[in-house]
Amino acid sequence: MRDFTMAKSVAQRIFAAHNRHDMKILILGSGGREHAFARAIQQSALCDELYIAPGNAGTELEGTNVDISVVDFESIAGFCSDYEIDMLVVGPEVPLVEGIADYFMENDAVSHVKVVGPTQQGAMLEGSKSFAKAFMQKYGVPTAAYREFGKDELEEAVGYVDGLPLPVVLKADGLAAGKGVVICSSRTEAKAELEAMFSGKFGEAGDKVVIEEFLEGIEFSAFILTDGETYVMLPQAKDYKRIGEGDTGLNTGGMGAISPVPFVNASVMDKLVKEVIEPTMNGIRQEGIDYKGFLFIGLMRVGEQLYVIEYNCRMGDPETEAIFPRLDTDLVRLMNSLFDGTLGQQEVEMDPRFATTVILVSGGYPEKYEKGKTIRNLGKATGSIIFHAGTKESMGDVLTAGGRVLAITSLADTMQEGLRQSMRNAEIIDFEGKYYRTDIGFDL
Ligand code: AMP
Ligand code: GLY
């Protein structure tokens, strides 16, 4: 095994040696978000050893990749026990929704591991649209008007659609790999979509469907880190989900991100805290949800009003690649404070500059695309942070291994300057079929 502690400076190592929190950390996941976590954690003097399961060619530069699937709880627990892991940072939602935090709590060999990520009940804020909507309604969090219907209620569902203005929004209740939300511009389309969802288009995720009113506005994302009692706020970000310029075409995992969000001024921030975050925290406390981790709040600003579109029980991707490079506070210290009651004393310091993230994707994504293309000129890109998303190392080459391949983040005093820098590197780095949006931030 490679001794990556050597990669740290002497000063960091001396500091780490004198620090009681000389931690061994395992990150779960393999995308750009996890590379951004790995980079921030590797920079912390509190981290002694870093592992990523399964990771990518970029995370391998920050720590050691371990070939374990994010949903193989038994192997993850076995690894944590064998390698004396102190902290498990869960990147994606699926293991959280499947209850990895609960699994660790209930398993004596690993119950001491600090799992950054909510229990299964908390993860339902993302894992069940029906649960999230009921939670928002109960605790007075502003959200679009809605009703939910089971798969034996097609007629009632169609009746509800008939009474709503167009377009209408249909949401499969469960996780559907980001594809479970369909915006229908006609009643015929909505009826056909309801039939498809109820007949298993998204498997069991569509056994229940939330139907809600369409909100016309501008979206952004807010992030908090919470221990279930208190919270600290991370910077907001805006991501660009559609594949095409001008926000057109199919939805993707995200084609770029900007942080901070220029229109989040003092008055928006005040509403965000008072009308969204405080009632959400109140709900988490009242429901007794054991939530230690990141909460991502997807918002729509309609005029002066904010509405919650969705909760996610994890950080966003690519938002993390724009947010973490701006973090001037030690991420491991922040995450560690979830477990000793000191979160309330933490200050989150941010680099005031803009972070602009542009994603390079494989041609054809988000539909069919090819993998295994050699990525050229990675070493020639300067002045940006290059996070790997879908990449793998093979005999000294870095190859494409997914739809979203790389995230290019630049820090600059203005958004335009940052974007120019990211675009320069997006042009320099090359692989067959490369595609990226050149208009990230166009609406800001
Ligand atoms: P979600 O999977 O919940 O993030 O939804 C995917 C996308 O659908 C969101 O990012 C929004 O762009 C859009 N969306 C969801 N709900 C609504 C709504 N009520 N009104 C307008 N757009 C919505
Ligand atoms: N960028 C959106 C997400 O992570 O869900």
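Residues numbered from 1 in each chain as written. Chains lettered and ligands numbered in written order. Predicted model: local features only at pLDDT ≥ 70, side-chain atom pairs only at ≥ 80, totals over all residues. Heavy atoms only, no water.

Draft legend 1. Structural context of the site of ligand 2. If you check the shell around ligand 2, you find Asp239, Lys241, Gly253, Phe296, Asn312, Arg314, Gly316, Asp317, Pro318 and Glu319 and nothing else. Note that a nitrogen atom of ligand 2 is positioned 2.8 Å from one of the side-chain N or O atoms of Glu319. When ligand 2 is considered free in solution it has 200 Å² of accessible area, and contact with the protein chains removes 88% of it. Taken together, the residues of the shell around ligand 2 sort by class into two nonpolar, three polar and five charged. (Near = heavy atom within 4 Å. Polar contact = N/O pair within 3.5 Å; in protein donor to acceptor, adjacent residues only side chain to side chain. Areas by Shrake-Rupley, 256 points an atom, 1.4 Å probe, with all protein chains shown as cover. Nonpolar A, V, L, I, M, F, W, Y, C, P; charged D, E, K, R; others polar.)

Draft legend 2. Focus on the side chain of Asp351. Its place among the elements puts Asp351 in the loop between helix 12 (331–336) and strand 18 (354–361). Within the local environment of Asp351, its side chain forms a polar contact with the side chain of Arg353, the two groups lying 2.8 Å apart. When neighbours within four sequence positions are excluded, Asp351 is seen to be in contact with Arg326, Asp328 and Leu411. (Helix = DSSP H or I, 4+ residues; strand = E, 2+ residues; numbered from the N terminus. Contact = heavy atoms within 4.5 Å.)

Draft legend 3. Up close: the nonpolar core. With 50 residues, the main nonpolar core has Leu26, Ile76, Leu88, Phe104 and Tyr311 as its most contacted residues. Residues Ala36, Ile41, Met315 and Phe387 belong to the second largest nonpolar core, which totals 40 residues. (Core = buried A, V, L, I, M, F, W, Y, C linked by side-chain atoms within 4.5 Å. Buried < 20%, exposed > 50% of the residue type's maximum accessible area, 1.4 Å probe, protein only.)

Draft legend 4. Representation of the sheet that holds strand 4 (residues 87–90) within the structure. The sheet built from five strands is open, its strands ordered 3-2-1-4-5 with parallel pairing. Of all strands in the sheet, those with a lone pairing partner are strand 3 (64–65) and strand 5 (114–116), marking the two edges. Lying on the sheet, helix 2 (residues 32–42) is in contact with strand 1 (23–29), strand 2 (47–54) and strand 4; it crosses strand 1 at an angle near 170°. Of the strands in this sheet, strand 1, strand 2 and strand 4 are in contact with helix 3 (residues 73–82), which crosses strand 1 at around 165°. (Pairing = 2+ DSSP bridges. Axes fitted to C-alpha atoms, helices over the stretch in contact; angles between N-to-C directions.)

Draft legend 5. Fine view of the confidence of the model for the chain. With 95% of its residues at a pLDDT of at least 70, the chain reaches an overall mean of 93. Considering only residues more than four positions removed or in separate chains, one finds that residues 1–7, a stretch of pLDDT under 50, has 15 contacts. Contacts for the low-pLDDT stretch residues 16–20, under 50 throughout, to residues beyond four places or in other chains number four contacts. (pLDDT = per-residue confidence, 0-100.)

Draft legend 6. Spotlight on the site of ligand 1. Not every one of the 15 residues close to ligand 1 is listed here, only the nearest: Glu212, Leu215, Glu219, Lys241 and Glu310. Take Glu212: an N or O atom from its side chain is 2.7 Å from a nitrogen atom of ligand 1. In the environment of ligand 1, a nitrogen atom lies 2.8 Å from a nitrogen or oxygen atom belonging to the backbone of Leu215. Taken by itself ligand 1 offers 480 Å² of open surface, and the protein chains cover 88% of this. Listed by contribution, the elements that provide at least two residues to the shell around ligand 1 are strand 7 (168–172), strand 8 (181–184), strand 9 (208–213) and strand 17 (305–312). Classifying every residue of the shell around ligand 1 gives eight nonpolar, no polar and seven charged.

Draft legend 7. Representation of the packing of aromatic side chains. Taken as a whole and judged by the stated rule, the model has 15 aromatic pairs. Ring geometry for Phe220 against Phe263: centres 5.6 Å apart, planes inclined by 85°, an arrangement best described as edge-to-face. Here Phe263 lies in the loop between strand 15 (256–259) and helix 10 (266–286) and Phe220 lies in strand 10 (residues 218–226), a separation of 43 residues in the sequence. Phe220 gets classed as buried once you look at its relative accessible area, which sits at 2%. (Phe/Tyr/Trp six-rings, centres within 6.5 Å; stacked < 30°, edge-to-face > 60°.)

Draft legend 8. Inspection of a nonpolar patch on the surface at higher detail. The grouping of Val71, Val94 and Leu175 at the surface amounts to a nonpolar patch, some 180 Å² of accessible area in total. Accessibility expressed as a relative area gives 38% for Val71, which makes it partly exposed. (Patch = residues over 30% accessible without salt bridge, like charges linked within 9 Å, V, L, I, M, F, W, Y side chains within 5 Å. Salt bridge = Lys/Arg side-chain N within 4 Å of Asp/Glu carboxyl O.)

Draft legend 9. How the structure looks around the pattern of salt bridges. For the coordinates displayed, the defined rule picks out 24 salt bridges. Ionic pairing is found between Lys201 and Glu193, a salt bridge with its closest N-O pair at 2.7 Å. The class of Glu193 is buried, set by a relative accessible area of 12%. One salt-bridge network, in which partners are shared between bridges, spans Glu93, Glu126 and Arg314.

Draft legend 10. Quick peek at the sheet that holds strand 15. Taken in spatial order, the five strands of this open sheet run 12-15-18-22-19, and their pairing is antiparallel. Because the sheet does not close on itself, it has two edges, and the strands there are strand 12 (238–239) and strand 19 (385–388). Across four bridges, strand 19 lies against strand 22 (residues 404–412) in antiparallel orientation. Along strand 22, the bridge assignment pairs Ile385 with Thr409.

Draft legend 11. Expanded view of helix 8 (residues 154–162). Taken together, the buried positions of helix 8 are occupied by Ala157, Val158, Tyr160 and Val161. Taken down its axis, helix 8 places every buried residue within 160° of arc, on the same side. As for helix 8, its buried residues are in contact with strand 6 (146–150), strand 7, helix 9 (187–198) and strand 9. (Arc of directions from axis to C-beta.)

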